[in-house]
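# Descriptive analysis of the structure
One-letter residues, chain by chain:
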Amino acid sequence: MNITVLFFLGLIIALVGVIPPGLLNMTAAKISLKEGYSRGIMFSAGVCVIVFLQTYIASMFARYLSNHQSVIEVLQRVAFVIFVLIAIYFLLIAKPNPKPDIDTPSKSKHSRFFQGMFLSAINIFPIPYQAYMTITISSFGWMEFERTSIISYVSGAATGTFVMLYVYIFFFDKIKGKNFTSQKNMNYIIGAITGIIAGVTLINILMEL
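Residues numbered from 1 in each chain as written. Predicted model: local features only at pLDDT ≥ 70, side-chain atom pairs only at ≥ 80, totals over all residues. Heavy atoms only, no water.

### So, the nonpolar core
Membership of the largest hydrophobic core comes to 36 residues, with the highest contact counts inside it found for Phe43, Met133 and Ile197. Among the elements of the structure, helix H1 (3-18), helix H2 (23-35), helix H3 (37-65), helix H4 (69-93), helix H6 (126-139), helix H7 (147-175) and helix H8 (180-207) are those that each provide at least two residues to this core. By residue number, the principal contributor to this core is H7, which donates eight residues. Sequence-distant contacts of Ile197, defined by excluding residues within four places in its chain, comprise Phe83, Tyr129, Tyr132 and Met133. (Core = buried A, V, L, I, M, F, W, Y, C linked by side-chain atoms within 4.5 Å. Buried < 20%, exposed > 50% of the residue type's maximum accessible area, 1.4 Å probe, protein only. Helix = DSSP H or I, 4+ residues; strand = E, 2+ residues; numbered from the N terminus. Contact = heavy atoms within 4.5 Å.)

Below, the structure is given as structure tokens:
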């Protein structure tokens, strides 16, 4: 597949993975709110360096798994169940739970960059997430595990992560005061996204039967 298309696939997949409020995007937003946009962006840049490496590792893992089809089939079924449960939780069970403000001590731009790298490194979720998504798009014939394709996809993933962190940085001040309704909508968005991923996984499983 065209490397530009792979780049945008990586961007969209990573962007979707960072939409739910979490440690990285909320920290980036709070840093920018308290210390200025430039430090929030430096933090985000540090995050994206590690995301690039994590996605590359995930792609290598996916390339290995692609030669062991029986393992992939088991992982697909496990992933399908997990995504369905997550979708059900956010659509039907989860209740809004506003988080209290957490003060972040002032640090230099370089310190924020390395803080971003550290927090991203201890967040290992992108590795299994990207490994699964890479296997999925490969199974549809959209990606081949050769160096140029992998680098293009990985670059897109790092860019997508930065884009979503950037959105949090510049819009957090406007959305942080929103009430119960907006938080409930966020749960619906997360549930819908995981439901769509579960649907794609189910289609992929059925196609291989």
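### Focus on a nonpolar patch on the surface
Where nonpolar side chains cluster on the molecular surface, the patch consists of Val81, Leu85, Ile88, Tyr89, Leu91, Leu92, Ile93 and Tyr188 and spans about 770 Å² of accessible area. At seven residues, H4 tops the list of elements feeding residues into the nonpolar patch. Counting through the fold element by element, Leu92 comes out in helix H4. (Patch = residues over 30% accessible without salt bridge, like charges linked within 9 Å, V, L, I, M, F, W, Y side chains within 5 Å. Areas by Shrake-Rupley, 256 points an atom, 1.4 Å probe, with all protein chains shown as cover. Salt bridge = Lys/Arg side-chain N within 4 Å of Asp/Glu carboxyl O.)

### What to know about the layout of surface pockets
In this structure, the second largest pocket encloses a volume near 260 Å³. As for the second largest pocket, its lining consists of 14 residues, of which Ile13, Met133, Ile196, Ile197 and Val200 are closest to the centre. The set of elements that each furnish at least two residues to the lining of the second largest pocket consists of H1, H6 and H8. Residues belonging to the lining of the second largest pocket are distributed by class as follows: 13 nonpolar, one polar and no charged. (1 Å grid on protein atoms, 1.4 Å probe; cavity = no way out; pocket = protein on both sides within 12 Å on 5 of 7 lines; lining within 4 Å. Points joined across faces, edges and corners; volume = space filled by probe spheres on them. Nonpolar A, V, L, I, M, F, W, Y, C, P; charged D, E, K, R; others polar.)

### Focus on H1
Over its 16 residues, H1 runs 23 Å from end to end, which matches the ideal 22 Å to within 8%, given 1.5 Å per residue. Of all the residues in H1, the buried ones are Leu6, Leu9, Gly10, Leu11, Ile13, Ala14 and Val18. (Expected span 1.5 Å × (residues − 1).)

### Quick word on the environment of Gly195
Positionally, Gly195 belongs in helix H8. Separated by 104 residues in the primary sequence, Gly195 and Leu91 have C-alpha atoms spaced 9.4 Å apart.

### Some words on the packing of aromatic side chains
Geometrically, a pair of aromatic rings is defined through the distance of the ring centres and the angle of the planes. Applying the stated criterion to the full structure yields six aromatic pairs. On the basis of an interplanar angle of 35° and a centroid distance of 4.1 Å, the ring pair of Tyr37 and Phe170 is categorised as tilted. Placement of Tyr37 in helix H3 and of Phe170 in helix H7 is noted, with a sequence separation of 133 residues between them. On the accessibility criterion, Tyr37 (43% relative accessible area) is partly exposed. Their ring planes at 40° and their centres at 4.4 Å tell us that Tyr166 and Phe170 sit as a pair that is tilted. Taken together, the residues span about one helical turn, with Tyr166 and Phe170 both in helix H7 at a distance of four residues. Judged by its relative accessible area of 38%, Tyr166 falls in the partly exposed class. For Phe170, a relative accessible area of 26% gives the class partly exposed. (Phe/Tyr/Trp six-rings, centres within 6.5 Å; stacked < 30°, edge-to-face > 60°.)

### Some details on the side chain of Ser152
Here Ser152 shows up in helix H7. According to the relative accessible area criterion, Ser152 is buried, its value standing at 10%. Apart from the residues within four sequence positions on either side, Ser152 is in contact with Ile3, Thr4, Leu6 and Phe7.

### Notes on the packing of H2 against H3
Between H2 and H3, whose axes approach to 6 Å, the crossing angle comes to 155°. With respect to H3, the axis of H2 lies roughly antiparallel. For the crossing formed where H2 meets H3, the hand is right-handed. Here H2 contributes Leu24, Thr27, Ala28, Ile31, Ser32 and Glu35 to the contact with H3, which in turn contributes Tyr37, Arg39, Gly40, Phe43, Ser44 and Val47. Each residue belonging to the contact of H2 with H3 can be placed in one class, and the counts come to six nonpolar, four polar and two charged. (Axes fitted to C-alpha atoms, helices over the stretch in contact; angles between N-to-C directions. Parallel < 35°, antiparallel > 145°, perpendicular 65-115°, else oblique. Left-handed = near helix turned anticlockwise from the far one by under 90°.)

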